[in-house]
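# Coordinates in review
One letter stands for each residue in the lines below.
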Amino acid sequence: MTAVLTPYRVEAFNTAQASENKIHDDAVARRFGFGGGLVPGVDVYAYMAHQPVVRWGRAWLERGASECRFQKPVYDGDIATVTASETAEGLDLRVDSHGELCATGCASLPNNVAPPTELFAEPPPPPGHRPPASEETLAVGTQLGIRPLPITRDLVEQCISDLRETEPLYLREGLAHPVIIARTGNWALNHNVVLGPWMHVGSKLQHLAAARIGDELSARARITANYEHKGHRFVDVDVQVLVDKRIPVARIAHTAIWLPRQLAGA
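Description of the structure in this document.

How each quantity is defined
Every chain is numbered on its own, with residues counted from 1 as its sequence reads. Reporting in this predicted model follows two pLDDT cut-offs: at least 70 for local features of residues, and 80 or more for side-chain atom pairs to be given and counted; totals over whole chains, interfaces and linings ignore these cut-offs and use all residues. Side-chain calculation: all heavy atoms of the structure are included, whereas hydrogens and water are not. Secondary structure elements are taken from DSSP: a helix is a run of H or I of four residues or more, a strand is a run of E of two residues or more, and numbering for both begins at the N terminus. Restricting the calculation to C-alpha atoms gives the radius of gyration, and the globule rule supplies 2.2 Å times the number of residues raised to the power 0.38. Between buried and exposed lies partly exposed: a residue is buried under 20% and exposed over 50% of the maximum accessible area for its type, with that area taken using a 1.4 Å probe on protein chains only. Contact definition: two residues touch when any of their heavy atoms are within 4.5 Å. Surface accessibility in these figures is a Shrake-Rupley result with a 1.4 Å probe; residues are shielded only by whichever protein chains are displayed. The charged-residue count follows a simple rule in which Lys and Arg add positive charge and Asp and Glu add negative charge, with His and chain termini not counted at all. In this description, the location of a charge corresponds to atom NZ of lysine, CZ of arginine, CG of aspartate or CD of glutamate. Lining residues are defined by having an atom within 4 Å of a point belonging to a cavity or pocket. Those points lie on a 1 Å grid over the protein atoms alone, cavities being sets where a 1.4 Å probe fits but cannot get out and pockets being open sets with protein on both sides within 12 Å along at least five of seven lines. Grid points are joined across faces, edges and corners, and a volume is the space filled by probe spheres set on the points. Under this grouping Gly is polar, as are all residues other than the nonpolar Ala, Val, Leu, Ile, Met, Phe, Trp, Tyr, Cys and Pro and the charged Asp, Glu, Lys and Arg. Put simply, a salt bridge is a Lys or Arg side-chain nitrogen that is within 4 Å of an Asp or Glu carboxyl oxygen.

### Points about the overall build of the chain
In terms of regular secondary structure, the chain is built from 7 helices and 12 strands. The C-alpha atoms of the chain give a radius of gyration of 18 Å, which matches the 18 Å a tight globule of 266 residues would have. Each of the three principal axes of the chain carries a C-alpha extent, and together these read 50 × 45 × 35 Å. Per-residue burial for the chain yields a buried fraction of 54% across its 266 residues. For the chain, long-range pairs separated by at least 24 residues make up 71% of all intrachain contacts whose partners lie at least 6 apart in sequence. Accessible surface for the chain amounts to roughly 12,000 Å². Of this, 50% is attributable to carbon and sulfur atoms. Across the chain, the 26 positively charged side chains and the 30 negatively charged ones have centroids separated by 2 Å.

### Some words on the layout of surface pockets
Its volume calculated, the largest pocket comes out at about 1,200 Å³. Of all the elements in the fold, those that place two or more residues in the lining of the largest pocket are helix H2 (41-56), strand E3 (65-70), helix H6 (178-190), strand E9 (199-207), strand E11 (232-243) and helix H7 (261-264). Grouping the constituent residues of the lining of the largest pocket by class yields 21 nonpolar, 15 polar and 9 charged. Computed from the structure, the second largest pocket encloses a volume of approximately 210 Å³. Lining the second largest pocket are 13 residues; nearest its centre among them are Glu122, Ile146, Ser218, Ala219 and Lys245. The biggest single contributor to the lining of the second largest pocket is strand E10 (residues 216-229), with 3 residues. Considering only residue class, the lining of the second largest pocket consists of 8 nonpolar, 2 polar and 3 charged.

### Some words on the pattern of salt bridges
Pairs can form between side chains of opposite charge once their charged atoms are near each other. Throughout the structure, instances matching the rule amount to 12 salt bridges. Residues Glu173 and Arg58 are paired through a salt bridge, measuring 3.0 Å at the closest nitrogen-oxygen approach. Of this pair, Glu173 sits in helix H5 (residues 169-173) while Arg58 sits in helix H3 (residues 58-63), and the two are 115 residues apart along the sequence. Residue classification places Arg58 among the partly exposed residues on the basis of a relative accessible area of 29%. With a closest N to O distance of 3.9 Å, Asp215 and Arg212 form a salt bridge.

Following this line, the structure appears as structure tokens:
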């Protein structure tokens, strides 16, 4: 038997309309067959993260696990409905919008989570002049870092406003919203190479400690796979998320289409 929590509804907002990634631009996205610019996958994940925080509170930000996979886009201004069904393992999650299933996932709260026994080697800083994304620049084994990010109260407040987040825990307890952690997967890519229109398609995340306002976020990442599937070129990135350059707060397995099939033959 499963128990269904009260659905969470949020008006989606495309935070990346002006970003370098033009898959979030209405005109470009329509040329790829979409109805408009895509709301970033990490933001859809952030909508999904609302329910685990309601269910487990701060503990989920300290040691919770989650997985998300994006099937269909969520569009700016549409209502995204997050449904959470409680199971023996935790929560099964889904996002529905404009009459379609857009994302699926799950969340859990392990009793004990051991931090990584060894950090990846410290990567070189992101280059001042980024090379184009390619088989060579995204080769398996490539080490990637991000530009360090101070987690300020203003940043958290902006995230909460953009996400229409109703959970008061973040500002009350001075904690980073999980969207900030999830974005490191994207930054590991776009801080290091120049991408064309590209899409985040899924992630697995394990929190190891709560990141707080006042911390500085960094990452040590490496490419674990670069492959073709159905004409798209995919990349998998393993990301250790750190505060103060040495304290692990999360581990992310991040998957993206770095070269859509519409461009692969260009």
